[in-house]
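Residue strings, one per chain:
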Amino acid sequence: MFDTQSTSATQNAHAAVVDPTVLPAQEVEYSAGRRVRRWVAELVRQPGLVLSLLWVLLVIAWAAAPTVFTSYDPIAANAAHSLRGPSGTYWFGTDNLGRDLYSRVVFGTRQSMQASVVAVGLSLALGAILGMAAGYLGRWVDDLAMRVVDVLIAIPGLLLSMAVVSILGFGVTNVALAVGVAGIPGFARIIRAEVLRIKSSTYFDAAQASGTRTLAILVRHVVPNATGPVLVLAALELGGAVLSVSALSFLGYGSTPPAPEWGSLVSQGRDYMGTAWWLTTFPGLVVALTVLAANRIGRALERTGVEA
Amino acid sequence: MRGYVVRRLVHGAFVLWAAVTLSFAVLHLVPGDPVSIMLGQGEGADVSNVSAAQVEALRASLGLDRPLPLQYLSYLWNAVHLDFGQSYSTGEPVTTMIARALPATVSLALLSLLIAVATGVGAAIAATLLPWAPARSLFLSTTVVGVSVPSFWIAILLIQLLSFRLGWFPAVGNDGLTSLVLPAVSLAIPTAGVLAQVLGKSIRTALGEPYILTARAKGAGRLRILLRHAIRNASIPTMTMIGMMVGGVLAGATITETIFARQGVGRITVDAINAHDFPVIQALVFFAGGLYVLVNLVVDLVYPKVDPRIVVRTAMA
């Protein structure tokens, strides 16, 4: 029944409004085609969005196959070429050990992005459990879950992450978990709201009246219908996670040298602020562009989701 | 109204109690007790050098040898009195440490919030009301850029450009207003971006409301509609965010104070995390939560002044 929806993640965002249990299959097919056309129209109208998508693709490619994009070793020192400015040979310049900064940024992508994706995944998973339990079961479960959310919201995200890191210990994985914990309340709230919305719909009543079990209702009706808003938040949260992960790495809680990571690259470049501006400028720019792209895509998803 | 305030206070007290309990529980439930975490991770100490007797002595001196429920109760009792014990690394009372660092951070946070509100509101108005569409979208994009750039990067760029190149501001330090400008600006940019986005969205929503049409039909000017009708109604969602903005600025101060080598609460936080100085971290979590609760309470009390309809709603609830 849901085959038409599962073609791509982006289409799910719009499927949120179209209820396939009510519409005949043909109608769903038709509106799916229309949705694709609307997306193409949206893309043509917004060159910024196209650039954002391209940038995200590039970052994914960097993370997946760094060796394709650079021939320099990101870790081996080359003292003869230390602290060279950006040039045709060294696009982003070289650091104090003569390592090519562009290669270090490219090779650092995997750690930064992995940590950010793990963080958002954790926020989403725990937020979904909390939000679904709260919205679906209601009563004291709802009260308890929302009080947990209140506490998590009361402590500023970065401070919460730092406290979690101090307990778990330093390292990229722990930074990812810590950032993930700070992202739970946003997902819990939005998923709870979606569950409440769906609970008041007629197809939910129909499913319940026909004796569908609770878990089946959640999986078959609530999850697909809540995908749209959750996807928007996930895109925005991914941008936030990239920021938080790089901030925590900047403070030195993340990766251990010499392994490169975006935030720690900026931090290492701080020692040469007066002499080698490129060491802090380029890694920071890459972080900024990635977050910008994620935010841009999130906003585009939000807009088309509202229009659909 | 008084019932409402009491309810909010009870709720706020609950949030603080939960935050304190959670940080206590997490610290004592994770594998490895605070003493071994302290000895094992602080300053790269080698655990094998520390005799079992020394560990026990340290544990006793910190009161960690007592039964857990007793520790919890005395911890809670002390927290109510804003006593969070002594710092593991300096031995100083935590509250004294924080109180001494507070003025530097408060002045930084206030200036930064001032800049954030001024530029955020300005950008929101420009992005909604400039008569030329490209200019509007330019301002709209700057707000997205504002929330996307890492504040540590902004800080470093500002230092490189305005301190090292142009020499307008000192790059580091705590003295005087000039040393406050760069940290405040770098801290303000993300906050201003968020503020501008939320306010801009609310203004656009408000401008589509029927009462705007009514006001225009009655002949109200563009400026009057904006100030008297649109912004006033649009400011409610923005006010909801003030608590979060204050918290965000305080959390951001950790990074800013580190970069600009300023002795403030943010710097204490970073030092405490590095040294696994848990009493300090717990106190900071408590104060941050308390500030959030307090700011939100104040905001809730100010709502009815901005939007009289809200009094009716709370009275009915």
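Every value quoted in this text rests on a predicted model; they were computed, and no experiment measured them. All chains use their own residue numbering, which begins from 1 and follows the written sequence. Lettering for chains starts from A, numbering for ligands starts from 1, and both go in the order in which the items are written. Restriction of local features to residues with pLDDT of at least 70 applies here, the model being predicted, together with a cutoff of 80 or more for giving and counting side-chain atom pairs; totals for whole chains, interfaces and linings are based on all residues. Where side-chain values are given, they derive from all heavy atoms of the structure, hydrogens and water being excluded.

On to the overall build of chain A, then. When its secondary structure is counted, chain A shows 13 helices and zero strands. Starting at the N terminus, helices and strands are each numbered in turn, a helix being any DSSP run of H or I of at least four residues and a strand any DSSP run of E of at least two. Of the regular secondary structure in chain A, the N- to C-terminal order runs α-α-α-α-α-α-α-α-α-α-α-α-α. Relative accessibility thresholds used throughout: buried, under 20% of the residue-type maximum; exposed, over 50%; partly exposed, between the two (1.4 Å probe, protein chains only). Across the 308 residues of chain A, 51% fall into the buried class. Residue contacts are defined here by distance: any two heavy atoms, one from each residue, within 4.5 Å place the two residues in contact. Long-range contacts, defined here as pairs at least 24 residues apart, represent 69% of the contacts in chain A between residues at least 6 apart. Approximately 13400 Å² of chain A is accessible, and the part contributed by carbon and sulfur atoms is 65%. Values of accessible area rely on a 1.4 Å probe in the Shrake-Rupley scheme; residue burial ignores everything except the protein chains shown.

What follows deals with the side chain of Asp 300 of chain B. All names here are of chain B. Considering the arrangement of structural elements, one finds Asp 300 in helix α13 (residues 278-306). Taking the relative accessible area as the measure of exposure, Asp 300 reaches 10% and is therefore buried. Polar contacts, as counted here, are pairs of nitrogen or oxygen atoms within 3.5 Å of one another; within protein the pair requires one atom able to donate a hydrogen and one able to accept it, and residues that are adjacent in sequence qualify only if both atoms are side-chain atoms. Among the polar contacts listed, one links the side chain of Asp 300 to the side chain of Arg 8, at a separation of 2.8 Å. Not counting the four nearest positions on each side in its chain, Asp 300 is found in contact with Tyr 4 and Arg 8.

On to the interface of chain A and chain B. With 36 residues of chain A at the interface, the matching set in chain B holds 43 residues. Buried area: the sum, over both parts, of the accessible surface (1.4 Å probe) that disappears when the two are put together. Summing both partners gives a buried area of about 3600 Å² for chain A against chain B, and 77% of it is carried by carbon and sulfur. Summed over the three residues of chain A that lose the most area to chain B, namely Ser 166, Ile 167 and Met 273 of chain A, the buried surface amounts to 16% of that side. A pair is scored as a salt bridge if a Lys or Arg side-chain nitrogen falls within 4 Å of a carboxyl oxygen belonging to Asp or Glu. Salt-bridge contacts for Glu 302 of chain A lead to Lys 201 of chain B; the nearest nitrogen and oxygen are separated by 3.3 Å. Secondary-structure elements contributing two or more residues to the side of chain A that touches chain B are α6 (139-154), α7 (157-168), α11 (214-250) and α13 (278-307) of chain A. The biggest single contributor to the side of chain A that touches chain B is α13 of chain A, with 11 residues. Of the residues in the side of chain A that touches chain B, the class split is 24 nonpolar, seven polar and five charged. Note that Gly is not counted as nonpolar here; it falls among the polar residues with everything else outside the nonpolar set of Ala, Val, Leu, Ile, Met, Phe, Trp, Tyr, Cys and Pro and the charged set of Asp, Glu, Lys and Arg.

All names here are of chain B. Here a cavity means grid points, on a 1 Å grid over the protein atoms only, where a 1.4 Å probe fits yet cannot get out; a pocket means an open set of points with protein on both sides within 12 Å along at least five of seven lines; lining residues are those with an atom within 4 Å of a point. Grid points are joined across faces, edges and corners, and a volume is the space filled by probe spheres set on the points. Using the criterion set out here, one finds one cavity of 30 Å³ or more in the structure. Among the secondary structure elements, those contributing two or more residues to the lining of the largest cavity are α11 (242-259) and α13. In terms of residues, the lining of the largest cavity owes the most to one element, α11, which gives four residues. Classifying every residue of the lining of the largest cavity by side-chain character gives seven nonpolar, two polar and no charged.

Right, let's get into the environment of Gly 290 of chain B. All names here are of chain B. Tracing the sequence through the fold places Gly 290 in helix α13. Classification of Gly 290 as buried rests on a relative accessible area of 17%. It is 7.8 Å that separates the C-alpha atoms of Gly 290 and Gly 12, two residues lying 278 residues apart in sequence.

All right, on to the packing of helix α8 (residues 178-207) of chain B against α11 of chain B then. All names here are of chain B. At a minimum axis distance of 10 Å, the contact between α8 and α11 shows a crossing angle of 145°. Between α8 and α11 lies a crossing whose hand is right-handed. For the pair formed by α8 and α11, the contact residues are Pro 183, Ser 186, Leu 187, Thr 191 and Leu 195 on the first element and Met 245, Val 249, Gly 252, Ala 253 and Thr 256 on the second. When the residues that make up the contact of α8 with α11 are grouped by side-chain class, the tally is six nonpolar, four polar and no charged. Axis lines are fitted through C-alpha atoms, for helices just across the contact stretch, and the angle between N-to-C directions can take any value from 0 to 180 degrees. Each crossing gets its hand from how the near helix is turned against the far one by less than a right angle, where anticlockwise is left-handed and clockwise is right-handed.

Centres within 6.5 Å make a pair out of two Phe, Tyr or Trp rings, where for Trp the six-membered ring is used; the pair is then stacked when the planes are under 30 degrees apart, edge-to-face when over 60, and tilted otherwise. Under the defined criterion, the tally for this structure stands at 14 aromatic pairs over all chains. Considering the side-chain rings of Trp 277 of chain A and Phe 282 of chain A, the 5.8 Å spacing of their centres and the 45° angle between planes classify their relative orientation as tilted. Judged by relative accessible area, Trp 277 of chain A falls into the partly exposed class, the value being 34%. With centroids separated by 5.9 Å and ring planes inclined at 40°, the aromatic side chains of Phe 14 of chain B and Trp 17 of chain B adopt a geometry described as tilted. Taken together, the residues span about one helical turn, with Phe 14 of chain B and Trp 17 of chain B both in helix α1 (residues 2-29) at a distance of three residues. Residue Phe 14 of chain B is classed as partly exposed on the basis of its relative accessible area, which comes to 30%. Judged by its relative accessible area of 42%, Trp 17 of chain B falls in the partly exposed class. We note Lys 199 of chain A situated over the ring of Tyr 136 of chain A; from NZ or CZ to the ring centre the distance is 6.0 Å. For a Lys NZ or an Arg CZ to count as sitting over a ring, it must be within 6 Å of the ring centre and within 35 degrees of the ring normal.

A separate point is the nonpolar core. What is meant by a nonpolar core is a set of buried Ala, Val, Leu, Ile, Met, Phe, Trp, Tyr and Cys residues, joined one to another through side-chain atoms within 4.5 Å. Membership of the largest hydrophobic core comes to 100 residues, with the highest contact counts inside it found for Met 162, Leu 248 and Tyr 253 of chain A together with Phe 152, Ile 255 and Ile 259 of chain B. If we ignore the near neighbours within four places in the chain, the residues touching Ile 259 of chain B are Phe 250 and Arg 270 of chain A together with Phe 152, Ala 155, Ile 156, Ile 159 and Val 172 of chain B. One finds Val 59, Leu 279, Val 291 and Ala 293 of chain A within the second-largest nonpolar core, a separate group that totals 21 residues.

Let us look at the confidence of the model for chain B. Residues and elements named next belong to chain B. Per residue, pLDDT captures the predictor's confidence, and it can take any value from 0 to 100. With 90% of its residues at a pLDDT of 70 or more, chain B shows a mean pLDDT of 81. The least confident element of chain B, judged by mean pLDDT, is helix α14 (residues 309-316) at 51; the most confident is helix α5 (residues 94-129) at 89. For this predicted complex, the interface score ipTM comes out at 0.83, while the overall pTM is 0.82.

What follows is about the pattern of salt bridges. The full count for this structure, using the stated rule, is 10 salt bridges over all chains. The salt bridge partner of Asp 95 of chain A is Arg 104 of chain A, with a shortest N-O separation of 3.8 Å. Grouping residues by exposure puts Asp 95 of chain A and Arg 104 of chain A together as buried. Close ionic contact of Asp 271 of chain B with Arg 267 of chain B constitutes a salt bridge, the shortest N to O distance being 4.0 Å. Note that Asp 271 of chain B and Arg 267 of chain B are positioned in helix α12 (residues 265-275) at a spacing of four residues, about one turn of the helix. We classify Asp 271 of chain B as partly exposed; its relative accessible area is 39%. On the basis of relative accessibility, which here comes to 22%, the residue Arg 267 of chain B falls in the partly exposed class. Salt bridges sharing common partners tie together Asp 95, Arg 99 and Arg 104 of chain A.

The subject of this paragraph is unusual backbone geometry. Among all residues save glycine, negative phi is the norm, and among peptide bonds the norm is trans. Residue and element names in this part refer to chain B. If you check the backbone angles, Leu 82 has positive phi at about 55° while not being a glycine. Note that Leu 82 resides in the loop between α4 (68-80) and α5. You will see that Ala 261, though not glycine, has its phi angle at about 50°, which is positive. Assignment of secondary structure puts Ala 261 in the loop between α11 and α12.

Take α5 of chain B next. If you check α5 of chain B, its first and last C-alpha atoms are 49 Å apart, about what 36 residues at 1.5 Å a residue would give, namely 52 Å. Of all the bends in α5 of chain B, the largest measures some 45° and sits at Leu 102 of chain B, one to four residues before the proline Pro 103 of chain B. Expected helix span is computed as 1.5 Å times (number of residues minus one). Bend angle per residue: angle between axes fitted to the 7 residues ending at that residue and the 7 residues starting there.

Residue and element names in this part refer to chain B. The terminal C-alpha atoms of α11 lie 25 Å apart, and with 18 residues this matches the ideal 26 Å at 1.5 Å per residue to within 8%. The sharpest bend along α11 reaches about 35° and sits at Ala 253. Counting buried positions along α11 gives 14 out of 18 residues, so the element sits mostly inside the fold.

A surface patch of nonpolar side chains, about 480 Å² in accessible area, is lined by Val 50, Leu 51, Leu 54, Leu 57 and Ile 60 of chain A. By relative accessible area, which is 58% here, Leu 51 of chain A ends up exposed. To count toward a patch, a residue needs a relative accessible area above 30% and no salt bridge. Like charges then connect within 9 Å, nonpolar side chains (Val, Leu, Ile, Met, Phe, Trp, Tyr) within 5 Å.

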